[in-house]
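Residue strings, one per chain:
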Amino acid sequence: MASCRSGIKKPGRGGAGASSFEADVRDDAEGNPLAEEFAEIDAVLARSSRILNGADEPARPARSDERPDLIYDLDWNKEERLAEWQAVLSDTREWPLVMRAAILLQAWQNIEVLQHAA
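Report follows, based on the coordinates. (Residues numbered from 1 in each chain as written. Predicted model: local features only at pLDDT ≥ 70, side-chain atom pairs only at ≥ 80, totals over all residues. Heavy atoms only, no water.)

What about the overall build of the protein chain?
- If you tally the helices and strands in the protein chain, you get 4 helices and 2 strands.
- Overall, the protein chain shows an N-to-C arrangement of helices and strands of β-β-α-α-α-α.
- Scored against the burial criterion, the 118 residues of the protein chain give a buried share of 8%.
- Intrachain contacts of the protein chain at a sequence separation of at least 6 include 28% that bridge at least 24 residues.
- Accessible surface computed for the protein chain: about 10000 Å², of which carbon and sulfur atoms make up 54%. (Helix = DSSP H or I, 4+ residues; strand = E, 2+ residues; numbered from the N terminus. Buried < 20%, exposed > 50% of the residue type's maximum accessible area, 1.4 Å probe, protein only. Contact = heavy atoms within 4.5 Å. Areas by Shrake-Rupley, 256 points an atom, 1.4 Å probe, with all protein chains shown as cover.)

This is the structure in structure tokens:
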């Protein structure tokens, strides 16, 4: 196997197979935090490819609805705020589209439907 400047051996040169290349990459990844991050990205890409190819993948576990009191306001009523914004939506049905969009955007920002949104 021939090695390049980065120190990673390239398969296909010198008669060795891809399995020794994969072993070399795994050995390099054990002590390298960046390689660990790339391994996580590769796992996500592999899972995405399997899903897109029609493979049955187990669903991810659902997030718990428990939210820390320090970050979230427990009295926040998103459904009520969304209903208020939808009332503005129905009140502006007959308005010109550009004006309606501006009013709806301003209402969304004023009503603050989502608790944590940019």
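Having seen it, we continue.
Remarks on the packing of helix α3 (residues 78–91) against helix α4 (residues 97–111)
- Viewed as axis vectors pointing N to C, α3 and α4 meet at an angle of 160°, and their least axial separation amounts to 10 Å. On the basis of the axis angle, α3 is roughly antiparallel to α4. Every pair of crossing elements has a handedness; the one defined by α3 and α4 is right-handed. Counting all contacts with α3, which are made through Arg81, Leu82, Glu84, Trp85, Val88 and Leu89, the residues of α4 involved are Arg100, Ile103, Leu104, Ala107, Trp108 and Ile111.
- In terms of residue class, the contact of α3 with α4 is built from 9 nonpolar, no polar and 3 charged. (Axes fitted to C-alpha atoms, helices over the stretch in contact; angles between N-to-C directions. Parallel < 35°, antiparallel > 145°, perpendicular 65-115°, else oblique. Left-handed = near helix turned anticlockwise from the far one by under 90°. Nonpolar A, V, L, I, M, F, W, Y, C, P; charged D, E, K, R; others polar.)

Looking at unusual backbone geometry
- Positioned with a positive phi, Glu112 is a non-glycine residue whose angle comes to about 55°.
- Relative to the assigned elements, Glu112 resides in the segment after α4.
- Under the relative-accessibility criterion, Glu112 is labelled partly exposed at 43%.

Focus: the nonpolar core
- Judged by nonpolar contacts, Trp85, Leu104, Ala107, Ile111 and Val113 together constitute the single largest core of 5 residues.
- Ignoring sequence-local partners within four residues, the contact set of Ile111 consists of Arg81, Glu84 and Trp85. (Core = buried A, V, L, I, M, F, W, Y, C linked by side-chain atoms within 4.5 Å.)

Observations regarding the side chain of Thr92
- The residue Thr92 is located in the loop between α3 and α4 in this model.
- Polar contacts involving the side chain of Thr92 include one to the main-chain carbonyl oxygen of Leu89, which spans 3.2 Å.
- With residues near it in sequence (within four places) discarded, Thr92 still touches Arg100, Ile103 and Leu104. (Polar contact = N/O pair within 3.5 Å; in protein donor to acceptor, adjacent residues only side chain to side chain.)

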